[in-house]
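# Geometric and topological summary
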Amino acid sequence: MPKLDFLTLYIVIFLNSLTVCIIWAAVALSYRTYRPPRIWLGSTLFVLAGGIILSLQGNEGAFWPAVIGNTVIIYGFCLSWVGARYFYGESGGWKTSLAIALGSFSCMAASYASWEARNIVYAVGQSIPMAMIAIYVLGQKRIGLGGAIAVAALALGVAGHAIETTLNVLAWFGGFDQTLYSAFESYALVCVIYSGVVWNFGFIVLAMNRQHSEMVRMAEIDELTGLPNRRHFMNQLQLAGRRSAASDDPYALMLIDIDNFKRLNDEHGHAAGDQALLHFADVASAILKAPALLARTGGDEFTVLLPGMDEAAATEAAQDLIALVRRAPLVSGGRRMPMTVSIGIAAHSGRCGVGPEELLNSADVALYRVKQTGRDGYAVGSQSLEAEGPAPARSAAGR
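Residues numbered from 1 in each chain as written. Predicted model: local features only at pLDDT ≥ 70, side-chain atom pairs only at ≥ 80, totals over all residues. Heavy atoms only, no water.

## Some thoughts on a nonpolar patch on the surface
Basically, it comes down to this: Only residues above 30% relative accessible area that lack a salt bridge enter a patch, with like-charged residues linked at up to 9 Å and the nonpolar side chains Val, Leu, Ile, Met, Phe, Trp and Tyr linked at up to 5 Å. Per-residue and other accessible areas were derived by the Shrake-Rupley procedure at a 1.4 Å probe size, with only the shown protein chains allowed to occlude residues. Every case where a carboxyl oxygen of Asp or Glu lies within 4 Å of a side-chain nitrogen of Lys or Arg is listed as a salt bridge. Each helix is a run of DSSP H or I of at least 4 residues and each strand a run of E of at least 2, with the numbering of both proceeding from the N terminus.
Nonpolar side chains collect at one region of the surface, where V169, W172 and F173 lie side by side and expose about 360 Å² of accessible area between them. In this fold, F173 is placed in the loop between α6 (144-172) and α7 (178-219).

## Quick notes on the UniProt feature "transmembrane region" (unreviewed entry) in the protein
Stated formally: UniProt positions are given in the numbering used here, feature names are shortened, and annotations may be inferred rather than shown by experiment.
Summarizing the sequence annotation, UniProt attributes the feature "transmembrane region" (unreviewed entry) to residues 6-27, 39-56, 62-84, 96-114, 120-138, 145-163 and 187-208 in the numbering used throughout. Taken end to end, residues 62-84 is 96% helix and 0% strand, and its two terminal C-alpha atoms sit 33 Å from one another.

## Points about the packing of helix α3 (residues 63-87) against helix α5 (residues 115-138)
To keep it simple, the criterion reads: To get an axis, fit a line to the C-alpha atoms, keeping to the stretch in contact for a helix; angles then go from 0 to 180 degrees between the N-to-C directions. Oblique is the label for any angle not covered by the other classes, which are roughly parallel (under 35 degrees), roughly antiparallel (over 145) and roughly perpendicular (65 to 115). What makes two residues a contact is simply this: any of their non-hydrogen atoms within 4.5 Å. Ten residues, namely Ala, Val, Leu, Ile, Met, Phe, Trp, Tyr, Cys and Pro, are considered nonpolar, four, namely Asp, Glu, Lys and Arg, are considered charged, and the remaining ones, Gly among them, are considered polar.
Running from N to C, α3 and α5 cross one another at 5 degrees; their axes reach a closest spacing of 8 Å. For the element pair α3 / α5, the angle class is roughly parallel. Seen from α3, the contacting residues are F63, A66, V67, N70, I73, I74, F77, C78, S80, W81, A84 and R85; seen from α5, they are R118, Y122, G125, Q126, P129, M130, M132, I133 and Y136. Looking at the contact of α3 with α5 residue by residue, the class counts come to 15 nonpolar, 4 polar and 2 charged.

## A word on helix α9 (residues 261-268)
Two residues of an α-helix separated by three or four positions point the same way, owing to the 3.6 residues in each turn. Stated formally: When a residue's accessible area, from a 1.4 Å probe over protein chains only, is under 20% of the maximum for its type it is buried; when over 50% it is exposed; and in between it is partly exposed. This arc is built from the directions going out from the helix axis to the C-beta atoms.
Every buried residue of α9 is accounted for by F261, L264 and N265. Buried residues of α9 fall within an arc of 100 degrees about the axis and therefore sit on the same side. Exposed side chains of α9 directed beyond 90 degrees from the buried face belong to K262, D266 and E267. In this structure, the buried side of α9 is in contact with β1 (251-258), α10 (270-287) and β4 (330-332). G269 occupies a position one or two residues after α9 and carries a positive phi of about 95 degrees.

## Things to note about the packing of aromatic side chains
Spelled out, the test is: Classification of ring pairs rests on two measures: the distance between centres of Phe, Tyr or Trp rings, Trp counted by its six-membered ring, which must be within 6.5 Å, and the angle between planes, read as stacked under 30 degrees, edge-to-face over 60 and tilted in between. Both a distance and an angle decide whether a charge sits over a ring: NZ of Lys or CZ of Arg must be within 6 Å of the ring centre and within 35 degrees of the ring normal.
Applying the stated criterion across every chain, the model contains 11 aromatic pairs. Here the aromatic cluster, defined as three or more aromatic residues joined through ring pairs, consists of W24, W40, F87, Y88, Y136 and F203. Lying over the aromatic face of F87, R210 brings its terminal NZ or CZ to 3.9 Å of the ring centre.

Here you go:
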């Protein structure tokens, strides 16, 4: 059976680790504030350094390069586990990683007299963090394609180490031919080297998918209030329209303006204006529960999608929101500033042929009518409803 010499294997470890390092460096530089890629880059740098040190031992297996190189690689594998923890929202693991590496070093140094025993420690020491990574990833609710790739590769690596450990145990007790041992040993190590490349590829897929999802999420979130923005609202409105067309279920929407917002900005500054937007977002979120969708669609304009609600239910929700805003004045700079809102309502019965855009236009016309008739109230569709609320409350809003 042909045999790979170990010096070649160590060079392969170096080249593979260098390739993975370059990829992780590119990912880390592209997402500078994202910590897991930096940890995984550090992991591969340690493995790269370990490969360089291992290459110094040659085919004869010089003791100290072998022990130090394997210790560095084991620590690098442990850092991969730390990176996985940070990726899934946990921290720590640094001390455990150092303890595993130092424990492996002590065991390897203690087994100086037997190369078989040292090889067993190498294999077990590397298998421990690999198994820890696989078990940790499998314990997550969603591992995704990248997680599945990483776990499969880790399983391959652990299997390679299991074969290597078995061979060394047999050789230790004189039950295996040295020539066959060297051949099988080298191919078992190839499995481990290959698995390291593939599990890092799996983590790269995880990291890139996570960042893509985050970018999509940020593209649909209003930066100031943290509410969905116009893009997200319009997407959900179109979905609501399609669902209603298929099931005849009703849905409604509200267009909301904060009354006299420009005056508040002019008189008290943009900081107070931002506080007013945040204050209204908090007040509205307290009363509008799922499946209602509250979004900021521009300036002081907010929209609410009300799935499953007809005109009567939407009107009741608007009345409750108007009353709550009146009772919760904005406090800014030690001053209490009453706030009111104007709301335009439109509802889809589930049987009419009106689409989402027409519904939005109808609510916009209703909102305009409320503003023209004194603000601090609501109107529904093409109907003309008087603004809700007594005159004192409207006067207190400063109109």
